[in-house]
Amino acid sequence: MDKNFEEEQSTGIIKFTPPLYKQRYEFIKDLVGKYKPKKVADLGCADCTLLWMLKFCSCIEVLAGLDICASVMKENMHRLSPLPGDYLQPAERSLTITLHHGSVAHKDPCMLGFDMVTCVELIEHLEESELNKFPEVVFGFMAPSIVVISTPNSEFNALLPGVTLFRHPDHKFEWNQAQFRRWALETARRYDYSVEFTGVGHPPTGMENVGFCTQIGVFARNSLPTTESAQSEKPTEAVYKTVFKAVYPSLKDEKYLQNAVVSEVIFTAQIIKQSLLDCLISEHEEYDDDPTERKSKLQPSVKRFSEDLGNLVVEKSVEPFVNGDVVYIPLTTIFSFHKVNRLCGTFEKLCKFIAGKVTLSSDGSAVVLNTEHKNE
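To start, this report covers the structure provided alongside it. All values derive from a computational prediction rather than experimental measurement.

It is worth spelling out the layout of surface pockets at this point. Reported here for the largest pocket is a volume of approximately 770 Å³. Forming the boundary of the largest pocket are 36 residues, of which Gly 44, Val 120, Glu 121, Leu 122 and His 125 lie nearest the centre. Where the lining of the largest pocket is concerned, the elements lending two or more residues are helix H1 (20-35), helix H2 (49-54) and strand S4 (62-67). Class assignment for the residues of the lining of the largest pocket results in 18 nonpolar, 7 polar and 11 charged.

This is the structure in structure tokens:
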């Protein structure tokens, strides 16, 4: 038997491993990994599980969900909110997630500009009038590069115990393989798409002609829609109601980028300071000192930086050094660290981000830390 398919001979109950719904979502995730869309809309998003999975895909910057049932979305939309860790370590990419209440039979300008549209187990819930409008809304109006549509394969129903007509009481129809192919090919032809057929949920060995339990059509747009047609189809008013919106913290936002730079500069400076102090203390390991005596011996060891040079010491030094109870760490040294360099991009931005946020020498060329932790 196929690895994702199990059949309990004693009861005749068919089980899929992983469960069929997870296979559908993983199929979508694999497509996202292949095509790297920046903007993805899930029509019929229901409990938002797919959106929750897709928010971890680093290529995606905009996620939108649409469903006719607002209550289901509201019960689950908290899963899409940023977590404390998202603020502590903002991602480099931006991410906005929005949920809309409305019908896939209606056009709304908020659904324009998406690279990929997913319709997972959606079309079989549509009334005939809605299904007739669906292709024009998705393929004609939204016109994304990729459309993924999954729907039950009715030929598989004979293998599912307890299924007499449809798999769900809300289903208005369930197509066999030929019916789905006919609808998909006609839709693709009308709107200048190509379509590939596949699915998830393999049938038992020897019954391959039954097809996948869930049949899937992956539509790819053949050409860009004309500007004239796109403008003529754009509605002037919104018809969907927004029920949720989350904007994730991002390093593309200067506020979060500055916080990240300041934190990284302080962390890097502390590491350099500790390394410098450890090296200086190791020079006196031959003495059997107590901590007080060791500190007193540490200070004379840095007399090579004459105390009466004052600020000149800071200005001329290109290496971290200790002067009395103060550690000076040149910004050029900190900027040479990969993460600081990558965050800032330029030395000028580093100086701009930490101004007023980090204690600097009087000439602004070095981070100043105390040899003791209490004042930092």
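That was the structure; now back to the text.
Next up on the list: the packing of helix H8 (residues 254-282) against helix H13 (residues 347-354). At a minimum axis separation of 9 Å, H8 and H13 run at an interaxial angle of 95 degrees. Considering their axes alone, H8 and H13 lie roughly perpendicular with respect to each other. Seen from H8, the contacting residues are Glu 254, Leu 257, Gln 258, Val 261, Val 262 and Val 265; seen from H13, they are Leu 350, Lys 352, Phe 353 and Ile 354. When its residues are assigned to classes, the contact of H8 with H13 shows 7 nonpolar, 1 polar and 2 charged.

Quick look at the nonpolar core now. If you look at the biggest cluster of nonpolar residues, it comprises 40 residues, and the most contacted ones within it are Phe 27, Ile 28, Val 32, Leu 54, Ile 60, Leu 99 and Phe 156. Mapped by element, the contributors of at least two residues to this core are strand S2 (14-16), H1, H2, strand S5 (96-101), strand S6 (116-120), strand S7 (146-152), strand S9 (214-221) and strand S10 (241-247). Take this core: its biggest share by element is 6 residues, from H1. For Val 32, the contacting residues outside a window of four places in its chain are Pro 37, Leu 54, Cys 57, Cys 59, Ile 60 and Met 116. By size, the runner-up hydrophobic cluster in this structure holds 32 residues, among which are Phe 134, Phe 141, Ala 143 and Ala 184.

Further remarks concern the sheet that holds strand S13 (residues 366-370). Taken in spatial order, the 3 strands of this open sheet run S11-S12-S13, and their pairing is antiparallel. With partners counted over all chains shown, the strands left at the sheet margins are strand S11 (321-323) and S13, one partner each. Here the strands of the sheet are splayed against their neighbours by 30 degrees on average, with no regard to which way each runs. Sheet topology note: the S11/strand S12 (residues 326-330) ladder contains 3 bridges and is antiparallel.

Moving on, we come to unusual backbone geometry. Looking along the chain, the bond that leaves Thr 17 and enters Pro 18 is cis, with omega of -5 degrees. Relative to the helices and strands, Pro 18 is located in the loop between S2 and H1. Phi is positive for Ala 46, which is not a glycine, with a value near 50 degrees. By the element assignment, Ala 46 lies in the loop between strand S3 (39-43) and H2. Accessibility expressed as a relative area gives 30% for Ala 46, which makes it partly exposed. Positive phi, normally seen in glycine, also occurs at Ala 143, with a value near 50 degrees.

What the 8 strands build is an open sheet, ordered S8-S9-S7-S6-S3-S4-S5-S10; its pairing is mixed. The two strands at the open ends of the sheet, each matched to only one other strand, are strand S8 (193-200) and S10. When the angles between neighbouring strand axes are averaged without regard to direction, this sheet yields 15 degrees. The pairing of S5 with S10 spans 6 bridges and is classified as antiparallel. In the sheet register, His 101 faces S10, and the bridge partner there is Lys 241. Of the strands in this sheet, S3, S6, S7, S8 and S9 are in contact with helix H5 (residues 128-142), which crosses S7 at around 160 degrees. On the sheet, helix H6 (residues 177-191) packs against S7, S8 and S9 and is oriented at approximately 155 degrees with respect to S8.

Scoring rules and cut-offs
- Counting restarts for each chain: residues are numbered from 1 in the order of the written sequence.
- Thresholds applied to this predicted model are a pLDDT of at least 70 for local features of residues and 80 or more for the giving and counting of side-chain atom pairs; totals over whole chains, interfaces and linings are not thresholded and use all residues.
- The side-chain values count all of the structure's non-hydrogen atoms but skip hydrogen atoms and water molecules.
- A cavity here means a set of 1 Å grid points, computed over protein atoms only, where a 1.4 Å probe fits but cannot escape. A pocket is an open set with protein on both sides within 12 Å along at least 5 of 7 lines, and lining residues have an atom within 4 Å of a point.
- Grid points are joined across faces, edges and corners, and a volume is the space filled by probe spheres set on the points.
- Helix numbering and strand numbering both begin at the N terminus, where a helix is a DSSP run of H or I of at least 4 residues and a strand a DSSP run of E of at least 2.
- We call Asp, Glu, Lys and Arg charged. Ala, Val, Leu, Ile, Met, Phe, Trp, Tyr, Cys and Pro are nonpolar, and the rest, Gly among them, are polar.
- Simply put, an axis is a line fit to the C-alpha atoms, just over the touching stretch for a helix, and the angle between two N-to-C directions goes from 0 to 180 degrees.
- Angle categories: roughly parallel below 35 degrees, roughly antiparallel above 145, roughly perpendicular from 65 to 115, and oblique for all the rest.
- Residues count as neighbours in contact if any of their non-hydrogen atoms are within 4.5 Å of one another.
- By nonpolar core is meant a set of buried Ala, Val, Leu, Ile, Met, Phe, Trp, Tyr and Cys residues that side-chain atoms within 4.5 Å join together.
- Categorising residues by exposure relies on relative accessible area from a 1.4 Å probe, with only protein chains included: less than 20% of the type maximum marks a residue as buried, more than 50% marks it as exposed, and the intermediate range marks it as partly exposed.
- Two strands pair under a simple rule: DSSP has to find at least two bridges between them.

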